[in-house]
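Fold and contact review
Residues per chain are reported as follows:
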Amino acid sequence: MNDRLGADAPRLIILLVGAVGAGKGTQAAILSRELRLPHLASGNLFRAAMAAHTELGDEARGFMERGELVPDEMTIRMFMEELGASRAARGAILDGFPRTVGQARALDETLARQGERIRRVIYIDVPTEDLIRRVAGRWICLQCGTPYHETTDPPMVDGHCNRDGSVLTQRDDDRPEVVRARLERQVPPMLEVVDHYQRAAIVDRLDGTRPIEEVTAEILSRIGETAASA
Ligand code: AP5
């Protein structure tokens, strides 16, 4: 498929959508390696800003700790800078942005000014009870953001990232009360984003309860159809 993403091909911008713990980060990390496209994750960008104690990170911290969405204006500014960076010159896998219709419109307008658009939206659908179980067993690499799971996707060396060997940690916002708030507050606007792109008939809804590699295979097949039709 990489051959179809040559220099003359339009930028391949793929959006992964799903609730807390649906597997967006897991799939985006694999797709990024398979397609050699950058994985741009708004949550990872906010966590990096918080760790670096930037103004953006300090402002975002309270919203994230309460399980609320960070306001659109801050999020859009941060994400657009990342999408405009040279590492996204061939395209990108977008994880967690846009997450409101306001963010989706801002993204669509920015891309349209450059004669571009979101090429495919992959909606990873997982029932709430599975989401809570997944998030409770999640460990992440603070260095590169790769997620693992104690039972379904353990690292090769206990407690260390497969990619860079960094120590794994649990996220502060994965505490049960914050996960409940994230589900209550963030799923309704996410479903509005799905509706927004469904109007353009570019949404593929996938069963995200299957094993990780099966979900990856289906996403790659859908992206392959998209790249071939460019
Ligand atoms: P963010 O970091 O984006 O969190 P999220 O959307 O809640 O998503 P998660 O990272 O929790 O889940 P995921 O779908 O990536 O699942 P994962 O692959 O890790 O955002 C954090 C916060 O930042 C937000 O709450 C908000 O405050 C703020 N924010 C971010 N973006 C924003 C925006 N655009 N606007 C405003 N605010 C924003 O998988 C979960 C677990 O399940 C892992 O342990 C994994 O190993 C396991 N797993 C994955 N797939 C499978 C499978 N198929 N079978 C079994 N286990 C699996």
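Residues numbered from 1 in each chain as written. Predicted model: local features only at pLDDT ≥ 70, side-chain atom pairs only at ≥ 80, totals over all residues. Heavy atoms only, no water.

**Points about the overall build of the chain**
Defined as follows: In this description a helix means any DSSP run of H or I spanning at least four residues, a strand means any run of E spanning at least two, and both kinds are numbered starting from the N terminus. Every radius of gyration here is taken over C-alpha atoms, with the globule rule written as 2.2 Å times N^0.38, N being the number of residues. Whether a residue is buried, partly exposed or exposed follows from its accessible area with a 1.4 Å probe, protein chains only, as a fraction of its type maximum: under 20%, in between, or over 50%, in that order. The protein chains shown are the only cover counted for residues, whose accessible areas, like all others here, come from Shrake-Rupley with a 1.4 Å probe.
A tally of helices and strands in the chain yields 8 helices and 8 strands. Against the globule reference of 17 Å for 230 residues, the chain gives a C-alpha radius of gyration of 17 Å, in line with a compact fold. Overall size of the chain, expressed as C-alpha extent along the three principal axes, is 45 × 35 × 30 Å. Of all 230 residues assigned to the chain, the portion counted as buried reaches 50%. Surface exposure of the chain reaches about 11,400 Å², of which carbon and sulfur atoms provide 50%.

**Some thoughts on the site of the ligand**
Just so we agree on the cut-off: The rule for a residue being near a molecule or strand is that one of its heavy atoms must lie within 4 Å of it. Think of a polar contact as two N or O atoms within 3.5 Å of one another; within protein, one of them needs to be a possible hydrogen donor and the other a possible acceptor, and neighboring residues in sequence only count if both atoms come from side chains. Under the scheme applied here, ten amino acids are nonpolar (Ala, Val, Leu, Ile, Met, Phe, Trp, Tyr, Cys and Pro), four are charged (Asp, Glu, Lys and Arg), and all others, including Gly, are polar.
With respect to spatial proximity, 36 residues lie near the ligand, and among them Thr26, Glu68, Arg99, Arg138 and Arg182 are the closest. Between glycine 23 and the ligand, the recorded distance is 3.0 Å, taken from a backbone N or O atom to an oxygen atom. For the ligand, an oxygen atom lies 2.6 Å from a polar atom in the side chain of threonine 26. Coverage of the ligand by the protein chains reaches 96% of its 1,000 Å² of free accessible surface. Secondary structure elements with two or more residues in the shell around the ligand: helix H1 (24-35), helix H2 (42-51), strand E6 (147-149) and helix H7 (176-198). Per element, the largest residue contribution to the shell around the ligand is 4 residues, and it comes from H2. For the shell around the ligand, a count of residues per class yields 12 nonpolar, 13 polar and 11 charged.

**Notes on the pattern of salt bridges**
Rule in force here: Just to be clear on terms, a salt bridge is a Lys or Arg side-chain nitrogen sitting within 4 Å of an Asp or Glu carboxyl oxygen.
Tallied over the full model, the rule gives 15 salt bridges. With a closest N to O distance of 2.7 Å, arginine 205 and aspartate 125 form a salt bridge. With arginine 205 in strand E8 (residues 203-207) and aspartate 125 in strand E4 (residues 120-125), the pair connects residues that are 80 residues apart, well separated along the chain. Taking relative accessible area as the criterion, aspartate 125 reaches 22% and is therefore assigned partly exposed. We note a salt bridge from arginine 222 to aspartate 204, for which the minimum N-O separation is 2.8 Å. Note that arginine 222 is positioned in helix H8 (residues 212-228) and aspartate 204 in strand E8, a separation of 18 residues in sequence. Residue aspartate 204 is classed as buried on the basis of its relative accessible area, which comes to 10%. Salt bridges sharing partners connect three or more residues here, namely Arg120, Asp204, Arg210, Glu218 and Arg222.

**Comments concerning the side chain of glutamine 27**
Following the sequence through the fold, glutamine 27 ends up in helix H1. Within the local environment of glutamine 27, its side chain forms a polar contact with the backbone oxygen of isoleucine 212, the two atoms lying 3.1 Å apart.

Nothing here speaks to function; it is geometry throughout.
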